[in-house]
Amino acid sequence: MPKLGTAALESLAAAERARILGALLQAHPGLLTEAEQLAAGFLSQEDRHAVAEDVANELRALHLSQLADRAGPQWGGGYVDPHDAADEMLDEVVQPYLEDLERRARIGAVQAAREIGMGVLMGLYACRDEDDNDRVLTHAGTPDAVDNLGSQAIRAMKNAGLDVSDGWLCDTCPAWAR
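Being a predicted model, the structure only gives us computed values, none of them experimental.

The rules behind the values
Residues numbered from 1 in each chain as written. Predicted model: local features only at pLDDT ≥ 70, side-chain atom pairs only at ≥ 80, totals over all residues. Heavy atoms only, no water. Helix = DSSP H or I, 4+ residues; strand = E, 2+ residues; numbered from the N terminus. Polar contact = N/O pair within 3.5 Å; in protein donor to acceptor, adjacent residues only side chain to side chain. Contact = heavy atoms within 4.5 Å. Expected span 1.5 Å × (residues − 1). Bend = angle between axes of the 7 residues up to and from the residue. Buried < 20%, exposed > 50% of the residue type's maximum accessible area, 1.4 Å probe, protein only. Core = buried A, V, L, I, M, F, W, Y, C linked by side-chain atoms within 4.5 Å. Phe/Tyr/Trp six-rings, centres within 6.5 Å; stacked < 30°, edge-to-face > 60°. Salt bridge = Lys/Arg side-chain N within 4 Å of Asp/Glu carboxyl O.

Caption draft 1: Expanded view of the side chain of E115. When you line up the elements, E115 lands in helix α6 (residues 110-126). Among the polar contacts made by the side chain of E115, one reaches the side chain of R48 at a distance of 2.6 Å. When near neighbours in sequence (up to four residues on either side) are disregarded, E115 contacts E46, D47 and R48.

Here you go:
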């Protein structure tokens, strides 16, 4: 057993911390209200500019060598088209943000969900004209691949009951405005 005072809590993985929190709340039910307030406060905050930066950075970080690992002839047979693999990689970056948007909208953190959606759109739009041949974005076919993800993000926002104003789209993502 680690010694007390040796930062054992800091060394825990996220799943271990979650188990500790669950055990604490079960042992001390009086903390539940405060924990709920903290969780609600956390879930109601998001910054579209930070999300946009994260999305753009994650998309731009996908390097051609990663695509080479997933596309072409496959071990054991079969073939994966490089364009399909690139699209899948881009989707894997964006999907967690859209799932977070839907989750927050579902629990009533509507403003935070809207900020996430707008941030995703801004981050995607910043990558529309990417032309670095060492990046997956280019091989996915910009701007079309990014435009498809933008449409997907707009649909996710509408499905979550979040409005995307035409004025905001015109100002921020003009190619996607109606």
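Caption draft 2: Expanded view of helix α5 (residues 82-106). With 25 residues, α5 extends 36 Å between its outermost C-alpha atoms, agreeing within 8% with the 36 Å of an ideal straight helix rising 1.5 Å per residue. Taking the largest bend as the criterion, α5 deviates by roughly 30°, centred on V94, and proline P96 comes between one and four positions later. Residues A85, A86, M89, L90, V93, V94, Y97, L98, D100, L101, R104 and A105 constitute the buried set of α5. Near the N-terminus of α5, the side chain that reaches the backbone nitrogen of H83, with its oxygen 3.0 Å away, is that of D81. Residue G108 follows α5 closely and has a positive phi angle near 95°.

Caption draft 3: Quick look at helix α8 (residues 144-159). For α8, with 16 residues, the first-to-last C-alpha span of 22 Å sits near the 22 Å given by 1.5 Å per residue. Among all positions of α8, only A145, V146, D147, L149, G150, A153, I154, A156 and M157 are buried. One or two positions beyond α8, positive phi appears at G161, with a value near 80°.

Caption draft 4: Region of interest: the nonpolar core. Counting 42 residues, the largest nonpolar core has L90, V120, L121 and L124 as the members making the most contacts within it. Those elements that provide at least two residues to this core are α3 (48-61), α5, α6, α7 (136-140), α8 and α9 (166-172). Of the residues forming this core, the biggest block, ten residues, is contributed by α5. In this structure L124 touches V55, L59, V94, V146, L149, G150 and W176, once residues within four positions along its chain are discounted.

Caption draft 5: Summary view of the packing of aromatic side chains. In total, this model carries one aromatic pair according to the counting rule given. Both rings, one in Y125 and one in W176, keep their centres 5.0 Å apart while their planes meet at 90°; by these two values the pair is edge-to-face. Placement of the pair is Y125 in helix α6 and W176 in the segment after α9, with a sequence separation of 51 residues. Accessibility expressed as a relative area gives 11% for W176, which makes it buried.

Caption draft 6: Here's a closer look at the pattern of salt bridges. According to the stated counting rule, one finds ten salt bridges in the structure shown. For the salt bridge of E88 with R70, the shortest nitrogen-to-oxygen distance reads 3.0 Å. Taken together, the residues span a long stretch of sequence, with E88 in helix α5 and R70 in helix α4 (residues 64-70) at a distance of 18 residues. Taking the shortest distance from any N to any O, the salt bridge between D132 and R135 comes out at 4.0 Å. Look at R135 and you get partly exposed, because its relative accessible area is 23%. Shared partners join several salt bridges into a network, and the residues in it are R60, E130, D132 and R135.

In short, shape yes, function no, at least from these values alone.
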